[in-house]
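# A structural walkthrough
Chain by chain, the residues:
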Amino acid sequence: MKLFVAFALASTACAFTPNSAVRHSTSLQQHVGAGGMADTRDPEAFADEDPRKSISAAPSFEEYLKQRDGGGAAAAPAAAAPAATSSGGSDLVGTLATLEGPGQVWGADGIAVGKEENDLKGYENFSKFSAALASTGVGATLSSGGPYTIFAPTDPAVESYELLRGPMDADMVKLHIVKGKISSADVPSAALETIGGRPLHYRYAVRKHFVNDAIIGEKTFGPYSDYPIDVACDNGVIHTVGLHFGFY
């Protein structure tokens, strides 16, 4: 009788014992990042001997919008974009004074005035930087020597700087001008020293090329023109940017 009771108690205890069976993981062998999450894809392009295993470079969001709206192929990467090049056919100062900048859309602000978000609002040109070249005398410096590379900020970029820091002086103008004729494709490897003797800082991130935190070859939303780059002039080349270098 005692043996039967002991056996019954043992059987009851086993019924409440957690299942200790080994569970086999079905997860893939993935790299776990610093945040504790497993990486699900490799965003960088990769070429394999087997084309089926290759990963092509995905377009940026801006490039995707242009491809969708225009029905054409995606735009080329910023650092090597022959399609975005222009020919000024004049000196740097004269070309910059008449250069048409990137086309900007209305966005959410257009709704209140009866515009579609993707309608053209206008072009961001370079009259303010061109005026600063003349008023500071830096433009006259560019008429001799050279060649030079100008990273020209748009009018809104200059307005933002002057609102917070005051009028541009000669040092701030020189901060956007580099010795030598440097194409956008050569920016990543070039020694970017300004005519004022200060270095500029290049970095590559999120598939974009930055100089002093300004994107080189920036894309705009909608089907309108991007920020001009590789604008060839008699005494150099112009790349345009949407951020004043003085903020770096």
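Here goes a summary of the coordinates provided. (Residues numbered from 1 in each chain as written. Predicted model: local features only at pLDDT ≥ 70, side-chain atom pairs only at ≥ 80, totals over all residues. Heavy atoms only, no water.)

### Some words on the pairing of strand β4 (residues 148–153)
- Taken across its 6 residues, β4 has 6 buried, putting it largely inside the fold.
- Neither face of β4 is left uncovered, since the one carrying Y148, I150 and A152 and the one carrying T149, F151 and P153 both have all their residues buried.
- Alignment of β4 against strand β10 (residues 236–241), held across 6 bridges, turns out to be parallel. Paired with I150 across the two strands is I238, which belongs to β10. (Buried < 20%, exposed > 50% of the residue type's maximum accessible area, 1.4 Å probe, protein only. Helix = DSSP H or I, 4+ residues; strand = E, 2+ residues; numbered from the N terminus. Pairing = 2+ DSSP bridges.)

### Digging into the nonpolar core
- Of all hydrophobic cores here, the largest spans 34 residues; its most connected members are F129 and I238.
- Examining the composition of this core, we find that 4 residues originate from one element, β4, more than from any other.
- Setting aside anything within four residues of it in sequence, one finds I238 in contact with L92, T95, L96, L99, I150, A152, I229, D230, V231 and C233. (Core = buried A, V, L, I, M, F, W, Y, C linked by side-chain atoms within 4.5 Å. Contact = heavy atoms within 4.5 Å.)

### Quick notes on helix α4 (residues 127–136)
- Of the residues making up α4, those classed as buried are F129, S130, A132 and L133. Angular distribution of buried residues about the axis of α4 spans 160°; they occupy a single face of the element. Away from the buried face of α4 by more than 90 degrees, exposed residues A134 and S135 are located.
- Of the surrounding elements, those touching the buried residues of α4 are α3 (92–98), α5 (138–142), β4, α6 (155–165), α7 (170–174) and β5 (177–179).
- Positioned one or two residues after α4, G137 has a phi angle of 85°, which is positive. (Arc of directions from axis to C-beta.)

### Focus: the environment of Y123
- Its location among the elements puts Y123 in strand β3 (residues 120–123).
- Considered as a pair, Y123 and D226 are 103 residues apart in the sequence and their alpha carbons are 10.0 Å apart.
- Sequence-distant contacts of Y123, that is, excluding residues within four places in its chain, are made with E100, G101, P102, G103 and S225.

### Some points on the pattern of salt bridges
- On inspection of all chains with the given rule, the structure shows 3 salt bridges.
- The salt bridge partner of E159 is K128, with a shortest N-O separation of 3.9 Å. Taken together, the positions of E159 in helix α6 and K128 in helix α4 put the pair 31 residues apart, joining distant regions of the chain.
- Relative accessible area serves as the criterion here: at 42%, E159 is assigned to the partly exposed category.
- Classification of K128 by relative accessible area gives partly exposed; the value is 34%.
- D213 is the salt-bridge partner of R203, the closest N and O atoms lying 3.2 Å from each other. Of the two residues, R203 is situated in strand β6 (residues 202–205) and D213 in the loop between β7 (208–211) and β8 (214–215); the sequence distance between them amounts to 10 residues.
- Taking the relative accessible area as the measure of exposure, R203 reaches 38% and is therefore partly exposed. (Salt bridge = Lys/Arg side-chain N within 4 Å of Asp/Glu carboxyl O.)

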